[in-house]
Amino acid sequence: MTLSPRERLIVALDLPSVEAAEKIVERLGDTVAFYKIGYQLGFAGGLPLARALVQAGKQVFLDMKLHDIANTVACGVESIVNMGVTFLTVHAYPQTMQAAVAARAGSSLKLLAVTVLTSYDDIDLHEAGYALGVDEVVTDRAKRAHDLGLDGIVCSAEECPALHLLVGNDMVLVTPGIRPVGSAHADQKRVVTPANAIAAGADYLVVGRPITAAPDPPAAAAAIIADIAAAAH
Ligand code: C5P
């Protein structure tokens, strides 16, 4: 898989309305090729925008983190296949992953596993009823996701080296929590620069506010793409 630096940047459209998202997409123009739509925009009427972006030649990552009984997951994935998006997240539970893999068969939809949410630590997992800690659950779920045929894992850049050892080069690693040097961290705690994320083995970088809240979003996106290009050589 050879990706151009531009294809490796995914801009998170975490915006309150379709109008706000359309405005940013228009400003970013040809600079950006890949967008992520999650709960906020999706539930504010953003799902038709996902289709429109696909029709306009963009790639779309639908960050819906699906998890339900197998039949419901499968039916949901079948509907999403028809939208033409590139990536979809599912929680890395065996039944959920199996159902999603079966439902997307024959399509170009790629499935990304969410192992353990990065806001969870060992205590949170214990409170949720788990006997194992974060590291063990992440390792176990990443291996299972690989064995069940998922295409990638959403992880922090810090986890990339260990995950590469675990799943080889079979899966793409998609990393949020990216902050260019000098940009505000906001609520992200463990941040990594674009160059360091690429050096750690990330395939795709998810970047939201450092681009969408920048005074000049196209310039901010172009600077990150330049960082990716420099680090990838
Ligand atoms: O604005 P910012 O660059 O922090 O946005 C990062 C995006 O990646 C958000 O859409 C957020 O939900 C998502 N994300 C994250 N951390 C994770 C998984 C997803 O920040 N562990």
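The coordinates are above.
Let me begin by describing the structure that accompanies this report.

Around the ligand, the structure places Ala12, Asp14, Lys36, Thr118, Pro176, Arg179, Gln188, Val206, Val207, Gly208, Arg209 and Pro210. In this structure, Asp14 approaches the ligand through a side-chain N or O atom, which is 2.6 Å from an oxygen atom. In the environment of the ligand, an oxygen atom lies 2.8 Å from a nitrogen or oxygen atom belonging to the backbone of Gly208. When the free accessible area of the ligand is taken as 470 Å², the share hidden by the protein chains comes to 80%. Of all elements in the fold, only strand S8 (204-207) and helix H9 (209-212) reach the threshold of two or more residues within the shell around the ligand.

Most of strand S5 (residues 110-114) sits inside the fold, with four of its five residues counted as buried. The β-α-β motif built from strand S4 (residues 87-91), the intervening helix H4 (residues 94-103) and the parallel element S5 has right-handed crossover chirality.

The subject of this paragraph is the sheet that holds strand S1 (residues 9-12). Spatially, S1-S2-S3-S4-S5-S6-S7-S8 is the arrangement adopted by the eight strands of the closed barrel, whose pairing is parallel. Sheet twist, expressed as the mean angle between neighbouring strand axes with direction ignored, is 25°. Strand direction decides the pairing type here: strand S3 (residues 59-66) and S4, joined by three bridges, are parallel. Across the sheet, Leu62 pairs through a bridge with Leu88, a residue of S4. Along the sheet, helix H2 (residues 39-55) makes contact with strand S2 (34-37) and S3, crossing S3 at roughly 145°. Helix H7 (residues 160-167) rests against strand S6 (152-154) and strand S7 (172-175) of the sheet, and its axis sits at about 160° to S7.

Ranked by internal contacts, the top residues of the largest apolar core, which has 62 residues, are Leu9, Leu13, Leu88, Leu150 and Ile211. Once residues within four sequence positions are removed from consideration, Leu150 is found in contact with Val90, Met97, Val101, Leu111, Leu112, Ala113, Ala145 and Met171. Counting residues in hydrophobic clusters, the runner-up holds 11 residues, among them Phe87, Leu112, Val172 and Val174.

Parameters and conventions
Residues numbered from 1 in each chain as written. Predicted model: local features only at pLDDT ≥ 70, side-chain atom pairs only at ≥ 80, totals over all residues. Heavy atoms only, no water. Near = heavy atom within 4 Å. Polar contact = N/O pair within 3.5 Å; in protein donor to acceptor, adjacent residues only side chain to side chain. Areas by Shrake-Rupley, 256 points an atom, 1.4 Å probe, with all protein chains shown as cover. Helix = DSSP H or I, 4+ residues; strand = E, 2+ residues; numbered from the N terminus. Buried < 20%, exposed > 50% of the residue type's maximum accessible area, 1.4 Å probe, protein only. Right-handed = clockwise from strand over helix to strand, strands pointing away. Pairing = 2+ DSSP bridges. Axes fitted to C-alpha atoms, helices over the stretch in contact; angles between N-to-C directions. Contact = heavy atoms within 4.5 Å. Core = buried A, V, L, I, M, F, W, Y, C linked by side-chain atoms within 4.5 Å.

From the geometry alone we can't say anything about function, so treat these as descriptive.
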